[in-house]
Amino acid sequence: MQLLLESLFNGVAIGSVLLIAALGLAIVFGLMGVINLAHGELMMLGAYSTYVTQLVFRLPILKPFYNSYVIVSLLVAFVVAALVGILLERSVIRRLYGRPLETLLATWGVSLILQQFVRSIPLAYASGLVITLLSGFIIPLFTPTQLLTNSRSKIVKAGSWGISVVLGLISSSWLATSISRLGRSSARNVDVTAPAWMRGGFDVGGITFPITRLVIIVITIIAVCSVTWFLNQSAWGMRIRAVTQNRSMSECLGISTQKVDVITFGIGSGLAGVAGVAVSLLGSVGPNVGASYIVGCFMVVVLGGVGNMFGTVIASFAIGIMTDLIGAGRLLSIWPDMPAPLSSTVDFFATTSMARVLVFALIVVFLQFKPSGLFPQKGRMIES
């Protein structure tokens, strides 16, 4: 019984990381039908954002608040990934709607660019670029409408971006000077150290529950509840659901589908950044960290039913629990009298990587009989 509870907890912890990442992918894929192969790299950006935030909080002025850097990094990672996602949607994906093959190839190319970007560009200058983008989007929001609509609007917009560039240059220069590790590029993996309150674990009934994994589970619960509330209670959430059901009719009713696409892609990308925070707390961070999760995320989305939140939750935890049961060899301990042919098969797949192969193979077989997943999405647009 104790071994089963340990396996369930570890499976839920694995599924929690998959769930946060797949949550954003499910929203984007369900609404736009976009196969975003750069989603894993958005997770990678969230993980690097956590690393940069950690180093900033080690500066003397912020060192007293070091133990709270994880909470701040959640917001930073969400904003960074959302900004990159919005930029990706506006510059690339918007021109490729309805062309799935071109979208797939384009986002795959973007994923390679982002991987090489973090290998070649010092994190200080990458941070400055993010601050430039953030300022460029925020300054117009606080600019009087008259200045943005009169004959000199182009000059005002150019001036706002000029200010944003200056802020980015100042911030990147300050980071490179204050934190030497951010001033040089490196392709090697970096480590994020958990704060003191996240170390150790709780012992309950002879079972140790690591605090880090408990925090990841709590972050997942908050993310799922927040997204559920947003989609069901907010005005923009209702617009997103309307566009998901029937895009043409939503346009006829006056809903700006372009704004819906931008907001949806921003939220989905931001959730990938939050998943990156969770990934950074579990191991080292490198340019390829997102690539190891992207296949699992797509499996979760397809198995649960494209665009179905409840199905995404069930599929994430199911894959996580199955991966731990098989990969850690716990299934053999829980069921010692397993038939010999089945026992040898399970023993062959008793590693994390091979367990994923087996789980994904089982999912592929399942989808042959139920291609729409566990909980297929319903709607006029989908049924037509």
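Preceding this paragraph is the structure being described.
Sequence positions are assigned chain by chain, starting from 1 and proceeding in written order. Where local features are concerned, this predicted model is filtered to residues with pLDDT of at least 70; where side-chain atom pairs are given and counted, the filter is 80 or more; whole-chain, interface and lining totals use all residues. As a rule here, side-chain values cover all heavy atoms of the structure and leave hydrogens and water aside.

Caption draft 1: Geometry of the nonpolar core. Within this scheme, the nonpolar core is defined by two criteria: the residues are buried Ala, Val, Leu, Ile, Met, Phe, Trp, Tyr or Cys, and they are joined through side-chain atoms within 4.5 Å. Only protein chains enter the area calculation, which uses a 1.4 Å probe; residues under 20% of their type maximum are buried, those over 50% are exposed, and those in between are partly exposed. Leu 182, Ile 319 and Ile 363 are the most contacted members of the largest nonpolar core, which has 73 residues in total. Each residue touching Ile 319, except ones within four places of it in the same chain, is listed here: Leu 18, Met 299, Val 300, Leu 303, Val 359 and Ile 363. Core analysis: the next-biggest nonpolar cluster, separate from the first, contains 15 residues, Ile 27, Val 227, Val 243 and Val 260 among them. Contacts are residue-level and defined by heavy atoms, with any inter-residue pair within 4.5 Å sufficient.

Caption draft 2: View of a nonpolar patch on the surface. Candidate patch residues must exceed 30% relative accessible area and have no salt bridge, after which like charges are joined if within 9 Å and Val, Leu, Ile, Met, Phe, Trp or Tyr side chains if within 5 Å. Throughout, the Shrake-Rupley method with a 1.4 Å probe supplies accessible areas, and for residues the shown protein chains are the sole cover considered. For this analysis, a salt bridge means a side-chain nitrogen from Lys or Arg found within 4 Å of a carboxyl oxygen belonging to Asp or Glu. Residues Leu 101, Leu 105, Trp 108 and Leu 112 make up a contiguous nonpolar surface patch of roughly 420 Å² in combined accessible area. Mapped onto the fold, Leu 101 is located in helix α4 (residues 100-120). Numbering of helices and strands runs from the N terminus; a helix is a DSSP stretch of H or I covering at least four residues, while a strand is a stretch of E covering at least two.

Caption draft 3: Representation of the pattern of salt bridges within the structure. Using the criterion set out here, one finds two salt bridges in the structure. For Glu 102, the salt bridge identified is with Arg 99, shortest N-O distance 4.0 Å. With a relative accessible area of 35%, Glu 102 lands in the partly exposed category. Looking at Arg 99, the relative accessible area reads 39%, which means it is partly exposed.

Caption draft 4: Structural view of the packing of aromatic side chains. Note on aromatic pairs: the rings of Phe, Tyr and Trp (six-membered ring only in Trp) are paired at centre separations within 6.5 Å, and the planes decide the class, stacked below 30 degrees, edge-to-face beyond 60, tilted for the rest. Tallying each qualifying case throughout the model produces two aromatic pairs. Ring centres of Tyr 66 and Tyr 69 lie 5.2 Å apart, and the angle between their planes is 35°; this geometry places the pair in the tilted category. For the pair Tyr 66 and Tyr 69, one class covers both residues: buried. Their ring planes at 75° and their centres at 6.2 Å tell us that Phe 137 and Trp 161 sit as a pair that is edge-to-face. Separated by 24 residues along the polypeptide, Phe 137 in helix α5 (residues 123-138) and Trp 161 in helix α7 (residues 153-178) bring together distant segments of the chain.

Caption draft 5: The arrangement of the packing of helix α8 (residues 211-233) against helix α9 (residues 235-245) in detail. Between the N-to-C directions of two axes lies an angle of 0 to 180 degrees, each axis being a line fitted to C-alpha atoms and, for a helix, fitted only over the stretch in contact. In contact at an axis separation of 5 Å, α8 and α9 are set at 80° when each is read in the N-to-C sense. As summarised for this structure, α8 and α9 are arranged roughly perpendicular, according to the angle between their axes. Residues Phe 230, Leu 231, Asn 232 and Gln 233 of α8 form the contact with α9, whose own contacting residues are Ala 235, Trp 236, Gly 237, Met 238, Ile 240 and Arg 241. As a working rule, the residues Ala, Val, Leu, Ile, Met, Phe, Trp, Tyr, Cys and Pro are called nonpolar, Asp, Glu, Lys and Arg charged, and the rest polar, with Gly in that last group. Residue composition of the contact of α8 with α9, grouped by class: six nonpolar, three polar and one charged. To sort the angles, those under 35 degrees are grouped as roughly parallel, those over 145 as roughly antiparallel, those from 65 to 115 as roughly perpendicular, and the leftovers as oblique.

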